[in-house]
Amino acid sequence: MRRPIIAGNWKMNKTISEALGLVNEIKEEANKTDVEVVVCCPFTVISEVKKAIEGSKVKLGAQNMHWEDEGAFTGEISANMLKDLGVDYVIIGHSERRQYFNETDEIVNKKVIKAIEKGLNPIVCVGETLDEREKNRTFDVVKEQTLAAFRDVSNDGMKDVVIAYEPIWAIGTGKTASSQDANEVIAYIRSLLENKYGIEISEEVRIQYGGSVKPSNATEIMNETDIDGALVGGASLKAEEFLEIVNF
Ligand code: PEP
């Protein structure tokens, strides 16, 4: 039985006081649910959010990291630095990073490997553009991205991984994939894992859906057989909306 995981991706939002306001509202409710609740914060608020969630069930996530241990990489943050702050999860290969910061499948793979090596749980994002969907390339693209992201990742390493299927055309647009379509793609990702890692791992890895998840569609999405959670952008910025999703 896979434990549902709902993660908020705050993106480039929230000053320290705003972040504390949000997380203090979330943590009370998060303590009452069996759903794993994660907040993926900007780097600048991680340490304060960590203190605020101490003793609660909320898990701490970052939104990116570099694949090298240290060195001359101005502006970058390493896996060791995230571990140092008590981070549990790190989003890797979000479509906004692929689109605006030229993250390739190869870079995503290096980051996934480093995150696992350092004991962080990567939330690895895959998903097609609108153009790719319209050309019926969804399954090909998702296959390419998934296989590339986990190149040289062992069975053991996969146990730490969460995958987020996020069709790019559904992110921040208000458009959602139908829950059946999302489930179909997620079941396909699971079949790719089964081919590569065997049934045990494929049944264990949690796969989220992301793309305009909101209180009004969360139940339907979460009721699908292969969807184990949600990666939530916009709706994670307001405690009330995020908690409605958590309590789907
Ligand atoms: C995201 O940032 O991963 C996301 C899915 O955003 P939104 O929920 O706003 O579409």
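**Here we look at helix H5 (residues 105-117)**
At step 1: For H5, built from 13 residues, the straight-helix expectation of 18 Å at 1.5 Å per residue is met to within 8% by its first-to-last C-alpha distance of 18 Å.
At step 2: Buried within H5 we find Ile107, Val108, Asn109, Lys111, Val112, Lys114, Ala115 and Ile116.
At step 3: Looking at the packing, one finds that the buried side of H5 touches helix H3 (79-84), strand S4 (89-92), helix H4 (95-100), strand S5 (121-126), helix H7 (138-149) and helix H8 (155-158).

**Things to note about the site of the ligand**
At step 1: Around the ligand, the structure places 14 residues, and the nearest of them are Lys11, Glu166, Gly172, Ser212 and Gly233.
At step 2: One of the side-chain nitrogen or oxygen atoms of asparagine 9 is found 3.2 Å away from an oxygen atom of the ligand.
At step 3: Here the ligand, which alone exposes 290 Å², has 96% of that area covered by the protein.
At step 4: One can see that the ligand is located within the second largest pocket.
At step 5: Each residue belonging to the shell around the ligand can be placed in one class, and the counts come to 4 nonpolar, 8 polar and 2 charged.

**What about the pairing of strand S3 (residues 59-62)?**
For a regular strand, side chains alternate in direction, first toward one face of the sheet and then toward the other.
At step 1: In terms of strand pairing, strand S2 (residues 36-40) meets S3 through 3 bridges, oriented parallel. When the bridges of S3 are listed, valine 39 appears paired with leucine 60.
At step 2: Each parallel crossover has a hand, and for S2 linked through helix H2 (residues 43-53) to S3 it is right-handed.
At step 3: As judged from the 2 bridges shared by S3 and S4, these two strands associate in the parallel manner. Considered in S4, the bridge of glycine 61 is made with tyrosine 89.
At step 4: The parallel pair S3 and S4, bridged by H3, forms a crossover whose chirality is right-handed.

**Things to note about empty space enclosed by the protein**
At step 1: Inspection of the entire model under this criterion finds 2 cavities of 30 Å³ or more.
At step 2: Reported here for the largest cavity is a volume of approximately 50 Å³.
At step 3: Taken together, Gly93, Ser95, Arg98, Cys125, Val126, Gly127, Gln145, Glu166, Ile168 and Ile171 make up the full set of residues lining the largest cavity.
At step 4: At the level of secondary structure, the elements contributing two or more residues to the lining of the largest cavity comprise H4 and S5.
At step 5: Considering only residue class, the lining of the largest cavity consists of 4 nonpolar, 4 polar and 2 charged.
At step 6: Here the second largest cavity is characterised by a volume of approximately 30 Å³.
At step 7: For the second largest cavity, the full set of lining residues is Thr146, Leu147, Phe150, Leu192, Leu193, Lys196 and Tyr197.
At step 8: No other element matches helix H9 (residues 179-197), which puts 4 residues into the lining of the second largest cavity.
At step 9: Considering only residue class, the lining of the second largest cavity consists of 5 nonpolar, 1 polar and 1 charged.

What counts and what doesn't
- Residues numbered from 1 in each chain as written.
- Predicted model: local features only at pLDDT ≥ 70, side-chain atom pairs only at ≥ 80, totals over all residues.
- Heavy atoms only, no water.
- Helix = DSSP H or I, 4+ residues; strand = E, 2+ residues; numbered from the N terminus.
- Expected span 1.5 Å × (residues − 1).
- Buried < 20%, exposed > 50% of the residue type's maximum accessible area, 1.4 Å probe, protein only.
- Contact = heavy atoms within 4.5 Å.
- Near = heavy atom within 4 Å.
- Polar contact = N/O pair within 3.5 Å; in protein donor to acceptor, adjacent residues only side chain to side chain.
- Areas by Shrake-Rupley, 256 points an atom, 1.4 Å probe, with all protein chains shown as cover.
- 1 Å grid on protein atoms, 1.4 Å probe; cavity = no way out; pocket = protein on both sides within 12 Å on 5 of 7 lines; lining within 4 Å.
- Sits in = over half its atoms within 2 Å of the grid points.
- Nonpolar A, V, L, I, M, F, W, Y, C, P; charged D, E, K, R; others polar.
- Pairing = 2+ DSSP bridges.
- Right-handed = clockwise from strand over helix to strand, strands pointing away.
- Points joined across faces, edges and corners; volume = space filled by probe spheres on them.

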